[in-house]
Amino acid sequence: MTPTAAWLLLVEDEEPARRLLRAYLARRGYRVDEAASAREAMRAWDAHRPDLVLLDLGLPDLDGVEVIRRIRRDAATPIIVLSARGEERDKIAGLDAGADDYLSKPFSVGELEARIHAVLRRLGGPEVGPDGWLRLGPIELDPTRRSVAVAGNPVHFSPREYELLKVLLANQGRLVTRERLLRAVWGLEYADAREYLHVYVGRLRHKLSEAGVGPAIDEMIATETGIGYRVAVSKAAEPAEAPTAG
Amino acid sequence: MAAFAESRGLVGRVFGRRSATTVAAAILSALAGTTLAVAAIRAVVPDVAPVYLLAVLAVGMLYGTLPAVVTSVAAFLLYDFLFVPPVYTFTIASPDEWLNLLLLLAVAVVIGRLAALQTQRAQEAADRALEAESLYGITGVLASTRTVGEAAPIVLARLAAATAMDRAWFGLGLSPTEERIVADTATGEALPMPGWHVVLQRPPDRPAHWVRTHVGRAGLRRSAKAVVHRVRVEVAGELLGSLWVMRARAEHEPDRAETRILAAAADQLGQAVVRDRLAEEATNAEILRESESLKSALLDSVSHDLRTPLATIRAAAGSMLDRSIGWSEEDQLEAFQTIDAEAERMGRLVRNLLDLSRIEGGALRPELAAHDAGEIARQAVARIHAEGKAIGVDVPPTLPPVLIDDVYLGQILANLLENAVRYGGSTIVVQGRDLPDEGAVELSVADDGDGVPVRALAHLFDKFYQVPRTDDLSRRGMGIGLTVVAGLAHAMGGTVRAERSATGGLAVVVQLRAADVPPASQAEPVPVPVEASR
């Protein structure tokens, strides 16, 4: 990979906010395309296929969720939703439509950059190693033998716990909604049974922590209250195109 | 006179009540007629006594059993006196004639009775039909009306007609003395005090009956002229009120048919009251739901509209704080200007919210004074963040001063201008127009954007109203700006309206009262301060 700056598409209808964010991100070394409406966003997407999309959900012409669906039809390009809507259902709608992460307005520019960085790191580094193993810090998951080890020492998990961990490790750098996890691990009919998830994630964290990961596990699999879980990106997978400050 | 008694009530009204004199005259004429007939045909017909049966039959059919029996006996005596030898005495010579006469009497009585019964049945059938019709007329009212207020007068009018009551009224309340009268067939007249009245008892296991009773302190003496009847209006054992009827004391107590109609009317009124209650509960629930959804709409909008400028401010401040970036002086100036403009916008939102609560609480106290509308318009335009759009002010210097609160008008114009900047076209113009005939001045803010659908124009000033777009989740504003505009304008004695602008966009027109100017001003225009900045 060539060390070029990541190409961002900033979709925001508020003119002053867009101008400021664009200026800041450009100074941080990203290439930034701007769009003030869903229609402009689609045009920019078709023209440049940016590396990452920053999307405000409240657009004048079309709901931002439609833009996410449209992008997801073409590619798995990371999407970070920015929205002033306080309602959790809006965040969940965006994430369920395929967005990778979410930032509520008002956010600090530093926070935004950290999220961009995390999502791009996942893009740069392999989720699945050449051996097919999934890794997060000292945690290693071997899908062929259905085994998990922490720092080389095997840890026993029930089949459900194993499935849950696998889905979480496969979604590093993402905010995964509870509904998506429930669907993936328990199947469609359990999509509303949220209490399962709390219990299982709790057990997972406890076992991994005991096995040597320690309290850091709460940051590796962090709870996003009311929405789901944010999975950290393995430190081993540094992105090749980390932008340089300009 | 039992037969007469039977014919009272409904039947009495249908056939009319006959006096004893009328009946006696009828019997006499019937007997005289038949006697003449008997005398005429006696020469040819050997036994003419049965001709008298015709008279008995006629009287029985017309007047009932008793007159028929009287006629029978009279015919018996008459025939004996006139035609049985020895004539002109009541003496009877032959025992055969005795038998003959007694047979005539017996047959006459039976025929008379049968004729009377026949008529009675027919009358009863007619009564039933009439009662059924009355009941139908009363029960049908509920289906064709929506409220008790609508149904009660119709029920009462039909009831009074069907039961020949002088007056009928309907009151709601837990006791006869505390009722609120809902409807009354006699308007304007004072209602009789309940005092003595007859109340209908409807025990579940026994037939309904009337019981004389007294309530309250007033009217302990019985009215000499009229009797008041009361039927309790109850639904599922709960007393709701009373149905009252009144008629002359000379009249009889309500008979069974009338009682049935009264009871049915009371039940119908009870159902109407319950229906009203249910409708009211449903409305209340609806209002509650609506206000809940308004509350959540307000929270949603406040959250969105405050976060949006806040996000821009944080982005600006955060960028400036990043020491790793060497911002140029121009960049910094722009960031600070943005922070300033967005903070101003937030301030306006907060003020709108406060104004809204003042408008709703009726706590607006405008300080009215004569002001130059053009000056206020130019100041408002100077303060707004135009986001690159052209805003012109076209207020003629001859425009008379307006009687307004300058803070309110400033807020009105700021809201209208911000709306135009956010949702309107690229060119915005503030215009002033004199309406001397109405003693008013119009200020309008117009843009050349897409405008709003005609259907939406009327709703623009509703709280939380958002112009519908292709997608209802599109960019949202708080939807209170125009509500505040209307509230502030009304507080100053003005009006607002929305219309299509000359350039196809939206125009919001605020009509304000012109300030009274001294007559001299007609010759010499009021000096109007004009600011150079536009």
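See the structure above.
Residues numbered from 1 in each chain as written. Chains lettered and ligands numbered in written order. Predicted model: local features only at pLDDT ≥ 70, side-chain atom pairs only at ≥ 80, totals over all residues.

Caption draft 1: Highlighting the overall build of chain B. When helices and strands are counted, chain B shows 14 helices and 13 strands. Pairs at least 24 apart in sequence give 67% of the contacts found in chain B among residues at least 6 apart. (Helix = DSSP H or I, 4+ residues; strand = E, 2+ residues; numbered from the N terminus. Contact = placed C-beta atoms within 7 Å.)

Caption draft 2: Just the nonpolar core, in detail. Of all hydrophobic cores here, the largest spans 78 residues; its most connected members are L8(A), L9(A), V11(A), L52(A), L54(A), L55(A) and I80(A). The element contributing the most residues to this core is helix 5 (residues 109-124) of chain A, with six residues. Counting contributing residues, this core receives three or more from each of domain 1 (7-124) and domain 2 (134-231) of chain A. Those residues within four positions of L8(A) in sequence are excluded, and the remaining contacts are L25(A), Y30(A), R31(A), V32(A), D33(A), P50(A), D51(A), L52(A) and L54(A). Within the second largest apolar cluster, 47 residues are counted, among which are L403(B), I404(B), V484(B) and V510(B). (Core = buried A, V, L, I, M, F, W, Y, C linked by C-beta atoms within 7 Å. Buried ≥ 20, exposed ≤ 12 C-beta atoms within 10 Å, placed from the backbone. Domains from an automatic or database assignment.)

Caption draft 3: Representation of the interface of chain A and chain B. Every contact between the two is made by 27 residues of chain A and, on the other side, 27 residues of chain B. Mapped by element, the contributors of at least two residues to the side of chain A that touches chain B are helix 1 (15-27) and helix 5 of chain A. Among the elements that take part in the side of chain A that touches chain B, helix 1 of chain A stands out by supplying eight residues, more than any other. For the side of chain A that touches chain B, the class distribution of residues is 14 nonpolar, four polar and nine charged. (Nonpolar A, V, L, I, M, F, W, Y, C, P; charged D, E, K, R; others polar.)

Caption draft 4: Focus on the sheet that holds strand 1 (residues 7-11) of chain A. Residues and elements named next belong to chain A. Taken in spatial order, the five strands of this open sheet run 2-1-3-4-5, and their pairing is parallel. The sheet is open, and its two edges are formed by strand 2 (31-35) and strand 5 (101-104), each paired on a single side. Sheet twist, expressed as the average angle between the axes of neighbouring strands with direction ignored, equals 20°. For strand 4 (residues 79-83) and strand 5, the ladder comprises four bridges, and the chain directions are parallel. From the neighbouring strand, L82 faces strand 5, where its bridge partner is L103. The sheet strands contacting helix 3 (residues 64-74) are strand 1, strand 3 (52-56) and strand 4, and the helix crosses strand 3 at an angle near 160°. (Pairing = 2+ DSSP bridges. Axes fitted to C-alpha atoms, helices over the stretch in contact; angles between N-to-C directions.)

Caption draft 5: Highlighting unusual backbone geometry. Cis geometry marks the peptide bond from K105(A) to P106(A), where omega comes out at -5°. For P106(A), the position within the fold is in the loop between strand 5 and helix 5. Positioned with a positive phi, A151(A) is a non-glycine residue whose angle comes to about 50°. With respect to the secondary-structure elements, A151(A) resides in the loop between strand 8 (147-150) and strand 9 (153-155). Phi is positive for A164(B), close to 50°, though the residue is something other than glycine. Tracing the sequence through the fold places A164(B) in the loop between helix 8 (148-163) and strand 1 (167-172). For A164(B), a count of 16 C-beta atoms within 10 Å gives the class partly exposed.

In short, geometric facts, not functional conclusions.
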